[in-house]
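Here's the letter readout for the chains.
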Amino acid sequence: GGGGGAAMADGEGLVSVDYEVHGKVQGVFFRKYTQGEAKKLGLVGWVQNTSYGTVKGQIQGPTARVRELQEWLKKIGSPQSRISRAEFSNEKKIQALEHKEFQILK
């Protein structure tokens, strides 16, 4: 006998995706909460405020976990934030994580 073990299920590879969140997302600890949520999910990447009032960054990690943070960025955010929309771009499969941790950039 011996059946072969299934290869990693689709959706369990690593992905990298860029994001930008619009709304009332500065001055409401949005970056701190995003970092905390990303760490909880075991994701790496970065987050920073832009000069025009949005928050942007990059997320990398297992697809399912990245999806969870995307939902969080679209719907939840920090307690005092008001998210109008979150945009995601440049999604791609990656072989290895390109960041060591999830950082808040100045």
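The structure displayed is predicted, hence computed values, not measured ones. (Residues numbered from 1 in each chain as written. Predicted model: local features only at pLDDT ≥ 70, side-chain atom pairs only at ≥ 80, totals over all residues. Heavy atoms only, no water.)

Draft legend 1. Expanded view of the UniProt feature "active site" (unreviewed entry) in the chain. Mapped onto the present numbering, the UniProt feature "active site" (unreviewed entry) falls on Arg31 and Asn49. With the annotated positions falling across 19 residues, the maximum pairwise C-alpha distance of 7.8 Å places them together in a single cluster. Following the sequence through the fold, Arg31 ends up in helix α1 (residues 30-41). According to the relative accessible area criterion, Arg31 is partly exposed, its value standing at 24%. Note on placement: Asn49 falls in strand β2 (residues 44-49). (UniProt positions renumbered as here; feature names shortened; annotations may be inferred. Helix = DSSP H or I, 4+ residues; strand = E, 2+ residues; numbered from the N terminus. Buried < 20%, exposed > 50% of the residue type's maximum accessible area, 1.4 Å probe, protein only.)

Draft legend 2. Fine view of the packing of aromatic side chains. In total, this model carries one aromatic pair according to the counting rule given. On the basis of an interplanar angle of 50° and a centroid distance of 6.1 Å, the ring pair of Phe30 and Trp72 is categorised as tilted. Of the two residues, Phe30 sits in helix α1 while Trp72 sits in helix α2 (residues 63-75), which places them 42 residues apart along the sequence. Trp72 matches Phe30 in its accessibility class, with the two residues each being buried. Between the NZ or CZ atom of Lys32 and the centre of the ring of Tyr33, over which it lies, the distance is 5.9 Å. (Phe/Tyr/Trp six-rings, centres within 6.5 Å; stacked < 30°, edge-to-face > 60°. Lys NZ or Arg CZ within 6 Å of the ring centre and 35° of its normal.)

Draft legend 3. Main features of the packing of α1 against α2. The contact between α1 and α2 brings their axes to 10 Å, and the two run at 155°. Considered as vectors, α1 and α2 are oriented roughly antiparallel to each other. Helix-helix and strand crossings are classified by hand; for α1 and α2 the assignment is right-handed. Along its contact with α1, which presents Phe30, Tyr33, Thr34, Glu37, Ala38 and Leu41, the element α2 presents Arg65, Glu68, Leu69, Trp72 and Leu73. (Axes fitted to C-alpha atoms, helices over the stretch in contact; angles between N-to-C directions. Parallel < 35°, antiparallel > 145°, perpendicular 65-115°, else oblique. Left-handed = near helix turned anticlockwise from the far one by under 90°. Contact = heavy atoms within 4.5 Å.)

Draft legend 4. Focus on the nonpolar core. One finds Tyr19, Val21, Phe30, Leu43, Ile59, Leu69 and Leu73 to be the most contacted residues of the largest nonpolar core, which totals 19 residues. Of all the elements in the fold, those that place two or more residues in this core are β1 (14-24), α1, β3 (55-62) and α2. Every residue in contact with Val21, bar those within four places of it in the chain, is listed here: Phe30, Thr54, Val55, Leu73, Ile83, Arg85 and Ala86. (Core = buried A, V, L, I, M, F, W, Y, C linked by side-chain atoms within 4.5 Å.)

Draft legend 5. Looking closely at the side chain of Gln58. Mapping Gln58 onto the fold places it in strand β3. Within the local environment of Gln58, its side chain forms a polar contact with the side chain of Asp18, the two groups lying 2.9 Å apart. One polar contact links Gln58 to His99, side chain to side chain, over a distance of 2.7 Å. Not counting chain neighbours up to four residues away, the residues in contact with Gln58 comprise Ser16, Val17, Asp18, Tyr19, Val44, Gly45, Trp46, His99 and Phe102. (Polar contact = N/O pair within 3.5 Å; in protein donor to acceptor, adjacent residues only side chain to side chain.)

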